Amino acid sequence: MSRSAVFTAAEYSRRIRDVKKRMERAGFDLIICQDPANMGWLTGYDGWSFYVPQCVLVHVDEELPIWFGRAQDEKSALLTTGLPQSNVVPFSEYLVQNPEGHPFDELAELVRARGWGKARIGVEMDAHYYTARCHAHLVKGLPEASFSNNGDLVNWARLIKSEPELALMREAGAICSHAMERAIAKMSPGVPQNEVIAELYHAQIMGVGGLGGDYAAICPLMPVGEGTATPHLTWTEDPLPQSGLAILEIAGVRRRYHVALTRTVHFGRPPQTYLDIAKAIVDGVDAGLEKARSGNTAEEVEAAWQAVLRSRGLKKESRVGYPIGLAYPPDWGERTVSLRPGDRTELQPGMCFHMMAGVWLGDFGLAISESFVVTDKGGEKLCTSPRELIVVE
């Protein structure tokens, strides 16, 4: 018995049609997608198999995509995609971590067998799992094909979420809000950091309101004390301090759709400087959400946020946001639009972003973020967690 499909066949057909139009405009006959999020978005495929070469192929003249992966994962593809057996192609087990042969030797054979040996092929040069060796074996096996970077073609097709996707994003937001609430309730001076994370993981996976959660593409991040001056530290077993800061960045995940959130906690009475910075961050997010309406551009959202910071004598050099949605490790961002100067992408309803609002200074930092969906009236928040510096005394 197959697992329940996340989306209807009509939804997947719509996505494939859109991708094929983008391929024709870009001059591709065939694209090879190794990003597991793109594989899932195109076919529904879901499995922890991205540590070995695998991919989904889309050809402009073929109705359905082709899944190509490890023989052990063939059943996973049949259970999760709804693709016919003819479109699920396993490679030989002996090619797993083979020092000479490679799974993409057989992928090249598959492409030639389909009559696509001279195709214009777009590959995901910037995908996390598309290794230099994958590319080398593919190019060697298809000497008459022409290869080029497909420019994250499928990532861009994922940018505007459909209504069924938005329903999952809102459910992920509810899980995220609940998990953040549970984690903060656990945070007190002297509590080991790993106990907070254990509570958080439990809340993330249990979900809320009958909606179960999934594992996140990024583990919880929790810098403490001076560690808050940098954003990407994880937890230790050390106790939380009697006084000082801790930042928690997490995601709620529903059927692989991610909504991210960051909150900052201060143990004990915070200095006025911290309260002032927190207020600037909150006000900056408000300004950004107001600007995050269809017709405006990505850089305008960042400019609205930055204007508030500068009026308070602060600035953030890095981008303030990125798109989110369907994701697998190691990242929940979609690697397309950035909320930063120079990105003139026009916002459209259904785009979803994590506005990673924070300020990291020499020996401390504060971050109070928000995930939102673009609407005609501005950014609709996907979480309900209070946006403030949280004081634990």
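Everything quoted here is computed from the prediction, not taken from an experiment.

What to know about helix α10 (residues 298-311)
Right, on to step 1. Across its 14 residues, α10 extends 21 Å between first and last C-alpha, which sits within 8% of the 20 Å expected from 1.5 Å per residue.
Right, on to step 2. Turning to α10, its buried residues number three or more, namely Ala298, Val301, Glu302, Ala304, Trp305, Gln306, Val308 and Leu309.
Right, on to step 3. Looking at the buried positions of α10, the neighbouring elements they touch are α9 (272-291), β11 (352-355) and β12 (358-360).
Right, on to step 4. The positive-phi residue at the C-terminal boundary of α10 is Gly313, with phi of around 80°.

A word on the side chain of Glu124
Right, on to step 1. Looking at the secondary structure, you find Glu124 in the loop between β5 (120-123) and α5 (132-141).
Right, on to step 2. One polar contact links the side chain of Glu124 to the main-chain amide nitrogen of Gln34, over a distance of 2.8 Å.

Let's talk about the pattern of salt bridges
Right, on to step 1. With the rule as written, the count across this model stands at 22 salt bridges.
Right, on to step 2. With a shortest N-O distance of 2.8 Å, Asp29 and Arg120 are connected by a salt bridge. Of this pair, Asp29 sits in the loop between α1 (9-26) and β1 (30-33) while Arg120 is found in strand β5, placing the two residues 91 residues apart along the sequence.
Right, on to step 3. For Asp29, a relative accessible area of 18% puts it in the buried group.
Right, on to step 4. Accessibility expressed as a relative area gives 41% for Arg120, which makes it partly exposed.
Right, on to step 5. For Arg254, the salt bridge is made with Glu171, and the minimal N-O distance between the two is 2.9 Å. Residue Arg254 is located in strand β7 (residues 244-254), and its partner Glu171 is located in helix α7 (residues 163-186); the two are separated by 83 residues in the primary sequence.
Right, on to step 6. Connected via shared salt-bridge partners are Glu11, Arg14, Arg15 and Glu165.

Regarding the pairing of β5
Right, on to step 1. Strand direction decides the pairing type here: β1 and β5, joined by 3 bridges, are parallel. Looking across to β5, one finds that Ile32 is bridged to Val123.
Right, on to step 2. Judged from the 4 bridges that link them, β5 and strand β6 (residues 146-149) form a sheet pairing that is parallel. Residue pairing across strands places Gly122 opposite Ser148, the latter belonging to β6.

A word on the packing of helix α4 (residues 103-113) against α5
Right, on to step 1. Where α4 contacts α5, the axes come no closer than 8 Å and their chain directions differ by 35°. Crossing of α4 against α5: the hand is right-handed. Contacts between α4 and α5 involve Phe104, Asp105, Leu107, Ala108 and Arg112 from the former and Cys134, His137, Leu138 and Gly141 from the latter.

Some words on the environment of Glu226
Right, on to step 1. Mapped onto the elements, Glu226 comes out in the loop between α8 (193-206) and β7.
Right, on to step 2. For the pair Glu226 and Ser76, spaced 150 residues apart in the sequence, the C-alpha separation amounts to 44 Å.

Some words on the UniProt feature "domain: Peptidase M24" (unreviewed entry) in the protein
Right, on to step 1. Within this numbering scheme, the UniProt entry marks residues 168-376 as carrying the feature "domain: Peptidase M24" (unreviewed entry).
Right, on to step 2. With 32% helix and 23% strand, residues 168-376 has end C-alpha atoms that lie 20 Å from one another.

Quick look at the sheet that holds strand β2 (residues 55-59)
Each strand in a sheet pairs with its neighbour through backbone hydrogen bonds, running either in the same direction (parallel) or in the opposite one (antiparallel).
Right, on to step 1. Strand order in the open sheet formed by 6 strands is β4-β3-β2-β1-β5-β6, and the pairing between neighbours is mixed. Edge positions in the sheet fall to β4 (88-91) and β6, since each of these pairs with one other strand and no more. When the angles between neighbouring strand axes are averaged without regard to direction, this sheet yields 25°.
Right, on to step 2. In this fold helix α2 (residues 36-43) packs onto β1, β2 and β3 (66-70), with an angle of close to 50° to the strand it touches most, β2.
Right, on to step 3. Sheet contacts for α4: β1, β2, β3 and β4; angle to β3, the most-contacted strand, approximately 155°.

What to know about empty space enclosed by the protein
Right, on to step 1. Under the criterion given, the structure shown has 1 cavity of 30 Å³ or more.
Right, on to step 2. Size it by volume and the largest cavity reaches roughly 100 Å³.
Right, on to step 3. What lines the largest cavity is a set of 15 residues, and nearest its centre among them are Asp35, Ala37, Tyr328, Asp331 and Arg335.
Right, on to step 4. Residue assignment for the lining of the largest cavity shows that the elements contributing at least two residues are α2, β9 (321-328) and β10 (331-333).
Right, on to step 5. A total of 3 residues in the lining of the largest cavity trace back to one element, the largest contributor, which is β9.
Right, on to step 6. When its residues are assigned to classes, the lining of the largest cavity shows 8 nonpolar, 2 polar and 5 charged.

A word on the layout of surface pockets
Right, on to step 1. Counted as a void, the largest pocket has a volume near 490 Å³.
Right, on to step 2. What lines the largest pocket is a set of 27 residues, and nearest its centre among them are Pro231, His232, Lys316, Ser318 and Met356.
Right, on to step 3. Every element with two or more residues in the lining of the largest pocket is listed here: β9, β10 and β12.

Conventions adopted
Residues numbered from 1 in each chain as written. Predicted model: local features only at pLDDT ≥ 70, side-chain atom pairs only at ≥ 80, totals over all residues. Heavy atoms only, no water. Helix = DSSP H or I, 4+ residues; strand = E, 2+ residues; numbered from the N terminus. Expected span 1.5 Å × (residues − 1). Buried < 20%, exposed > 50% of the residue type's maximum accessible area, 1.4 Å probe, protein only. Contact = heavy atoms within 4.5 Å. Polar contact = N/O pair within 3.5 Å; in protein donor to acceptor, adjacent residues only side chain to side chain. Salt bridge = Lys/Arg side-chain N within 4 Å of Asp/Glu carboxyl O. Pairing = 2+ DSSP bridges. Axes fitted to C-alpha atoms, helices over the stretch in contact; angles between N-to-C directions. Left-handed = near helix turned anticlockwise from the far one by under 90°. UniProt positions renumbered as here; feature names shortened; annotations may be inferred. 1 Å grid on protein atoms, 1.4 Å probe; cavity = no way out; pocket = protein on both sides within 12 Å on 5 of 7 lines; lining within 4 Å. Points joined across faces, edges and corners; volume = space filled by probe spheres on them. Nonpolar A, V, L, I, M, F, W, Y, C, P; charged D, E, K, R; others polar.

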